[in-house]
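Listed below, chain by chain, are the residues.
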Amino acid sequence: MHGMKYWRQLFRDMPIKRKLVLISMSSTGVALLLVTILLLVNEYYSYQRALLDDVRVQTAMIAENSTAALVFRDRSGAQEILGALAASPSIEQAALYTADGKTLALYRRKDQARTEVPDRPVTGHRFSSQHLELAHEIELNGEIVGTVYLRSDLERLYVRIMWYVGAIVLTAAGAMLAAFLLISLLHRGISGPLARLVDLMRQISERKDYSSRARVETRDEVGALAEGFNAMLGQIERHQADLMQELGERKRAEQRLDQLAYYDTITQLPNRHFFNEQLKLVLARAQRTGQRAGLMFLDLDNFKIINDTLGHDIGDVLLQGVAKRLREHLRTGDIICRIGGDEFAVIVEDMTDREQAAIVAEKIIGAFAHSLRLEGHEIYISASIGISLFPEDATEMHALLRNADTAMYFAKERGKNTYQFFLPEMNGRALNRLTLETSLRHALEREEFEVYYQPQFDLASKRLFGVEALLRWHRPDVGIVNPTEFIPVAEESGQIVSIGEWVLRQACAQAQAWQALVPGLTVSVNISSRQFHDSQLVDRILEILRQTGLAPELLTLELTEGVLMESSGTASTTLERLEAAGVKLSIDDFGTGYSSMGYLKRFPISTLKIDQGFMREVPADRDNVAIVMAIIAMCQSLKLYVIAEGVENMAQLEFLRKAGPVGVQGFYLSRPLTADATAALLQITHEERITLLALADGGTPPNPRGQSQG
Ligand SMILES: Nc1nc2c(ncn2[C@@H]2O[C@H](COP(=O)(O)O[C@H]3[C@@H](O)[C@H](n4cnc5c(=O)[nH]c(N)nc54)O[C@@H]3COP(=O)(O)O)[C@@H](O)[C@H]2O)c(=O)[nH]1
């Protein structure tokens, strides 16, 4: 059973060609065998018959010749007759019996050792495996006179059969060989294409090249199979192409998603997500290898202004330019990421020491030394950089990030366009700033702000013509906080827009209320950069003027040089709209910034305020004297009103009086006052004010600082 299974499996596993040859040869062999057997059987019986006939003839001849010998019981005659059988080599024994069954004569072939004849032969013939025996009764005139017995051997039959078998086997072998050749040839025609199909199939599955095709060699089933195979390959190829396309699209989509997930679409730099993962890896590596790593936080200086002024499209191009500069100036191993609006981060792995970090930071600063030309604009940009180092400043990722951020704020505070290493003591200051920002958020709703007013005088007429609105914050548990402390924070957090609007409303309402006391009293309100670039500014101002009833020409907006210099088309429109509405514009802190004469002509400015820094040590400081005099002369020729700030003593006042027609503002005349104190000052007469504030020529104020409320 087991053996059968083995052969069956062996047959199944055979190649078709061998199977076909085996089957064909087996069937041919079986057919030949059957034919051989039939031929042999036929030959055997034919020979038997021929032998029988032959023996019969001989029996008949003996019977005919021996009748007389039998009748006369002539032994020698009978013996002679039997002796003639020597001519028939197949007869090996013979006997003649008398009618009463006695043996009359015997014959034995020479090679026979003994006589082996039956005592009483049975008439008829009988074949055994070795012999043919035949007994025939001899008659004379209808009476039986004796019996003749002949025994022939079958040796010649077997020899003949053997020769016959030999001939048949040879013929069959030849036939089998011829059949084998023919069948092989025939089967090659069938299995050859099949084998080639199989080979092709193997090649295709190995190489995955579905563009190959099978040769259709015949029109039979194998040809149909090849055609079917080709059709199938065609389909696979098409599916493959579809699949490849789909895979390609999927891959592209995945890459795109990956790109979106890990890269910033504007600069193509890695984004915050990527940055976080990389920083984690870098720190883990540094921990393992015991090496240093540096983290740098970059914040572009004044980016928001550029973005608001020139538009977001230019802002985007600027960010791209910044990314390009960073890539160009830093090593390929440094990981540069854009982690927020105008915030970038650089991870420097294997940092040797602080000096190396400083070199990298200087490279970054240097990268922006030259202006960027963006769509017709020449833009100077700089960055403030905070640096924290692993492991000195922090070993934990978030702490390292926080420290770099804190250091960056300090770089900003130091005047921007610089770098700053993190120092442990910064954390306290940073915390203060954070709490300041948080408290500031609620200051407006909790009514913690108050507007103070500092009087402004025209030196020639000695008249109080206006007040400057200056904000104060009554911070709970802290006291009055100076605007220099909180205005930059409000500016950065964007809260300045709502705070500034509140100041404008208060100042306009107050100035309008004071018109009854000093008709034509002007009020100056400081407008910060962020406020100025707010697209709603003009509408808000006009709305406030309408609501408070203050005449637009009594409101002066104080803008710094920086704000005007950053201004482009949209800002000019803002200024033009304000001028058209009648609102006055003043340049604050003149001389500290760009001091460009161009914008004095370009923009509708009515007043210029000399920065109080130039009033310091005047008239002793000859340089400051020269500057102040030059500014006054320039304003005269440009027909601009000029106000000198920071007048703190009589010498300064006297100097200004001689220098030309100016307005003055300063502690010497009055510190910023509460609204009530300002109202009190406005209520007294002009003459009383001159006396009180020592505005008379050469006059001395009784106690100028004593008036201070701010
Ligand atoms: N955007 C806004 N900015 C505002 C607002 N209120 C104030 N500010 C700006 O804050 C800065 C500091 O203001 P402040 O502490 O009020 O200082 C003003 C005066 O007190 C001070 N001053 C005036 N006279 C003298 C003097 O004789 N000596 C001296 N040392 N200081 C003096 O000068 C400041 C006024 O400056 P300026 O605005 O340039 O005229 C300041 O930059 C304010 O602009 C606000 O509501 N919005």
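Because the structure is a prediction, the values reported are computed rather than measured.

Draft legend 1. Quick look at the overall build of the protein. On a plain count of helices and strands, the protein comes out with 22 helices and 21 strands. Sequence separation of at least 24 residues holds for 66% of the intrachain contacts in the protein that already meet a minimum separation of 6. Of the roughly 37,200 Å² that the protein leaves accessible, carbon and sulfur atoms contribute 55%.

Draft legend 2. Examining the packing of aromatic side chains more closely. One pass over the full model with this rule turns up 11 aromatic pairs. Ring geometry for Y453 and W514: centres 4.9 Å apart, planes at 80 degrees, overall edge-to-face. Highlighted residues: Y453 in strand β13 (residues 449-458) and W514 in helix α13 (residues 496-514), separated in sequence by 61 residues. Take W514: its relative accessible area is 3%, and that puts it in the buried class.

Draft legend 3. Representation of the sheet that holds strand β11 (residues 382-390). Pairing in this open sheet of five strands is mixed, and the strands run β7-β8-β6-β11-β12 from one edge to the other. Edge positions in the open sheet fall to β7 (335-338) and β12 (419-421), since each of these has one partner strand only. Each neighbouring strand pair of the sheet contributes to a mean axis angle of 20 degrees, computed without reference to strand direction.

Draft legend 4. Broad picture of the environment of A394. One can find A394 in the loop between β11 and α10 (397-413). A394 sits in the buried class, given a relative accessible area of 7%. Leaving out residues up to four positions away in the same chain, A394 has contacts with L389, A399, L400 and N403.

Draft legend 5. Quick peek at α13. Taking 1.5 Å as the rise per residue, α13 with 19 residues should run 27 Å; its terminal C-alpha atoms sit 26 Å apart, in good agreement. Among the residues of α13, those classed as buried are I496, I499, G500, V503, L504, A507, C508, A511 and W514. Projection of α13 onto a plane perpendicular to its axis shows the buried side chains occupying an angular sector of 160 degrees, all on one side.

Draft legend 6. Highlighting a nonpolar patch on the surface. Taken together, the side chains of L33, I37, V41 and Y45 present a nonpolar region at the surface, about 370 Å² in accessible area. According to the relative accessible area criterion, L33 is exposed, its value standing at 52%.

Draft legend 7. Spotlight on the environment of Q506. The residue Q506 is located in helix α13 in this model. Along the backbone, Q506 and E450 are 56 residues apart, and their C-alpha atoms lie at a distance of 8.9 Å. Ignoring sequence-local partners within four residues, the contact set of Q506 consists of V451 and Y453.

Draft legend 8. Representation of the pairing of strand β17 (residues 555-560). Counting buried residues in β17 gives five out of six residues, a clear majority hidden from the surface. Sheet analysis places strand β16 (residues 522-526) next to β17, joined by four bridges and oriented parallel. Bridging across to β17, N526 finds its partner in E558. Of the strand pairs in this sheet, β17 and strand β18 (residues 584-590) are connected by five bridges, and their pairing is parallel. Residue pairing in the sheet places E558 in a bridge with S586 of β18.

Draft legend 9. Spotlight on the nonpolar core. If you look at the biggest cluster of nonpolar residues, it comprises 85 residues, and the most contacted ones within it are V523, L555 and L656. At eight residues, the largest contribution of residues to this core is made by α13. Among all residues touching L555, those that are not within four sequence positions of it are L504, C508, V523, V525, I541, L545, L550, V583 and K584. In this structure, M296, L298, I314 and F344 belong to the second largest nonpolar core, which totals 36 residues.

Draft legend 10. The pairing of strand β5 (residues 143-153), seen in detail. Counting buried positions over the 11 residues of β5 gives nine, a clear majority of the element. Across 10 bridges, strand β4 (residues 131-140) lies against β5 in antiparallel orientation. For H136, the partnering residue across the bridge sits in β5 and is V148. In this antiparallel pair of consecutive strands, β4 and β5, the connection spans two residues, and N141 shows a positive phi of 50 degrees.

Draft legend 11. Spotlight on the sheet that holds β5. With antiparallel pairing, the five strands of this open sheet are ordered in space as β2-β1-β5-β4-β3. Strands with a single pairing partner mark the edges of an open sheet, and in this sheet they are β2 (103-108) and β3 (124-127). Shown here is a sheet whose adjacent strand axes are inclined to one another by a mean of 10 degrees, direction ignored. Note: β3 against β4, four bridges, orientation antiparallel. Paired with R126 across the strands is E133, a residue of β4. Each of β1 (91-98), β2, β3, β4 and β5 touches helix α2 (residues 16-71); the most contacted strand, β4, lies at about 35 degrees to it.

Draft legend 12. Representation of the UniProt feature "transmembrane region" (unreviewed entry) in the protein. Residues given the UniProt feature "transmembrane region" (unreviewed entry) here are residues 20-41 and 161-186. What you have in residues 20-41 is 100% helix and 0% strand, and the ends, taken at the C-alpha atoms, are 31 Å apart.

Draft legend 13. The packing of α2 against helix α4 (residues 155-207), seen in detail. Between α2 and α4, the least distance of the axes is 8 Å, while the angle of their chain directions is 160 degrees. One element, α2, and the other, α4, form an angle in the roughly antiparallel class. The handedness of the crossing between α2 and α4 is right-handed. Its residues assigned to classes, the contact of α2 with α4 shows 23 nonpolar, eight polar and five charged.

Draft legend 14. Up close: the site of the ligand. Lining the immediate environment of the ligand, one finds 24 residues, of which E468, R472, E645, E648 and F667 sit closest. One of the side-chain N or O atoms of N482 is found 3.1 Å from an oxygen atom in the ligand. Here an oxygen atom of the ligand sits 2.9 Å away from a polar atom, N or O, in the side chain of D589. In isolation the ligand exposes 810 Å². Once the protein is present, 85% of that is buried. When residues of the shell around the ligand are traced back to their parent elements, those giving at least two are β14 (463-475), α12 (483-493) and β18. A per-element tally of the shell around the ligand places β14 first, with four residues. Per-class residue counts for the shell around the ligand are eight nonpolar, eight polar and eight charged.

What counts, and at which threshold
- Residues numbered from 1 in each chain as written.
- Predicted model: local features only at pLDDT ≥ 70, side-chain atom pairs only at ≥ 80, totals over all residues.
- Heavy atoms only, no water.
- Helix = DSSP H or I, 4+ residues; strand = E, 2+ residues; numbered from the N terminus.
- Contact = heavy atoms within 4.5 Å.
- Areas by Shrake-Rupley, 256 points an atom, 1.4 Å probe, with all protein chains shown as cover.
- Phe/Tyr/Trp six-rings, centres within 6.5 Å; stacked < 30°, edge-to-face > 60°.
- Buried < 20%, exposed > 50% of the residue type's maximum accessible area, 1.4 Å probe, protein only.
- Pairing = 2+ DSSP bridges.
- Axes fitted to C-alpha atoms, helices over the stretch in contact; angles between N-to-C directions.
- Expected span 1.5 Å × (residues − 1).
- Arc of directions from axis to C-beta.
- Patch = residues over 30% accessible without salt bridge, like charges linked within 9 Å, V, L, I, M, F, W, Y side chains within 5 Å.
- Salt bridge = Lys/Arg side-chain N within 4 Å of Asp/Glu carboxyl O.
- Core = buried A, V, L, I, M, F, W, Y, C linked by side-chain atoms within 4.5 Å.
- UniProt positions renumbered as here; feature names shortened; annotations may be inferred.
- Parallel < 35°, antiparallel > 145°, perpendicular 65-115°, else oblique.
- Left-handed = near helix turned anticlockwise from the far one by under 90°.
- Nonpolar A, V, L, I, M, F, W, Y, C, P; charged D, E, K, R; others polar.
- Near = heavy atom within 4 Å.
- Polar contact = N/O pair within 3.5 Å; in protein donor to acceptor, adjacent residues only side chain to side chain.

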